[in-house]
Amino acid sequence: SKTTDNESTTTRKTTKQSKTSTTSTTLDINYVFPVDINTVSLDQLTSINGIGGVTAQKIIDYRKQIGVIYNMDLLLNIDGIGQSTLALLKQYLYVSDEDARTTPVTTTVKTTKPSHTITTTAPKTTKPVTTTHQELKPVNINTATANEISDCLLVDIELAEKIIDLRNQIQYFSNSLELLYIDGFTEKMHAELKDYIIV
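## With respect to the packing of aromatic side chains
Then, number 1: Tallied over the full model, the rule gives one aromatic pair.
Then, number 2: Where Phe-33 meets Tyr-92, the ring centres are 5.1 Å apart and the plane angle is 80°; that geometry is what we call edge-to-face. Here the residue Phe-33 occupies a position in the loop between α1 (2-29) and β1 (35-36), and Tyr-92 occupies one in helix α4 (residues 83-92), the gap between them amounting to 59 residues.
Then, number 3: Note on Phe-33: relative accessible area 24%, which makes it partly exposed.

Structure representation (structure tokens):
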């Protein structure tokens, strides 16, 4: 009976040791949250309890597709992510201030830099200021005419009319990403123009 007692005590000791070693390794694996949604890796996403590999991959793919995730609520566009999953993700992920500025709401920030406008009054520059014609302006694609869309977004009138046609088909735009349904409207164009598109 003595030998069995000794065996049980040794096994207790080994289990204690293995417990301490596992806790130290899990600390190394744990990522420091919260993490920026636009820089988070696939491994970091899958380390969130409740987020599987499939959902994590969908988030990464969606980010590649639209360029910048400027609002966490955009994740609801991903198939399989509902309000409960979004609430979970919001505990671990965030949108940085810089990325959030990509929304058209904060275009007013640009007006707080008057130093650039002063340089235009210099009389020595004889070059014609052609840049004023080629300046992007914010436009509401739910209310603007084709001419206004063309002028503000610097796109040809044919593409502007396609935007109007799509608007008539779907009643109104709820997101600028819907413009990608238009033939000729590329993801690159969306990335360049999204700051000026108001819905």
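There is more to say after this.
## Topic: empty space enclosed by the protein
Then, number 1: Tallied over the entire structure, the rule returns one cavity of 30 Å³ or more.
Then, number 2: Lining the largest cavity, in full, are Ile-66, Val-68, Tyr-70, Leu-74, Asn-175, Ser-176, Leu-177, His-190 and Lys-194.
Then, number 3: Class assignment of the residues belonging to the lining of the largest cavity gives a composition of five nonpolar, three polar and one charged.

## Comments concerning the nonpolar core
One broad trend across soluble globular proteins is that nonpolar side chains are buried collectively.
Then, number 1: Counting 24 residues, the largest nonpolar core has Ile-37, Leu-45, Ile-59, Met-72, Leu-75, Leu-89 and Leu-93 as the members making the most contacts within it.
Then, number 2: Secondary-structure elements contributing two or more residues to this core are α3 (53-66) and α4.
Then, number 3: Sort the elements by how many residues they give to this core and α3 lands first, with five residues.
Then, number 4: Apart from residues no more than four positions distant in its own chain, Leu-93 is found in contact with Pro-34, Val-35, Ile-37, Val-40, Leu-45 and Met-72.
Then, number 5: The next biggest cluster of nonpolar side chains, apart from the first, holds 21 residues, and it includes Leu-159, Leu-166, Leu-179 and Ile-182.

What counts as what
Residues numbered from 1 in each chain as written. Predicted model: local features only at pLDDT ≥ 70, side-chain atom pairs only at ≥ 80, totals over all residues. Heavy atoms only, no water. Phe/Tyr/Trp six-rings, centres within 6.5 Å; stacked < 30°, edge-to-face > 60°. Helix = DSSP H or I, 4+ residues; strand = E, 2+ residues; numbered from the N terminus. Buried < 20%, exposed > 50% of the residue type's maximum accessible area, 1.4 Å probe, protein only. 1 Å grid on protein atoms, 1.4 Å probe; cavity = no way out; pocket = protein on both sides within 12 Å on 5 of 7 lines; lining within 4 Å. Points joined across faces, edges and corners; volume = space filled by probe spheres on them. Nonpolar A, V, L, I, M, F, W, Y, C, P; charged D, E, K, R; others polar. Core = buried A, V, L, I, M, F, W, Y, C linked by side-chain atoms within 4.5 Å. Contact = heavy atoms within 4.5 Å.

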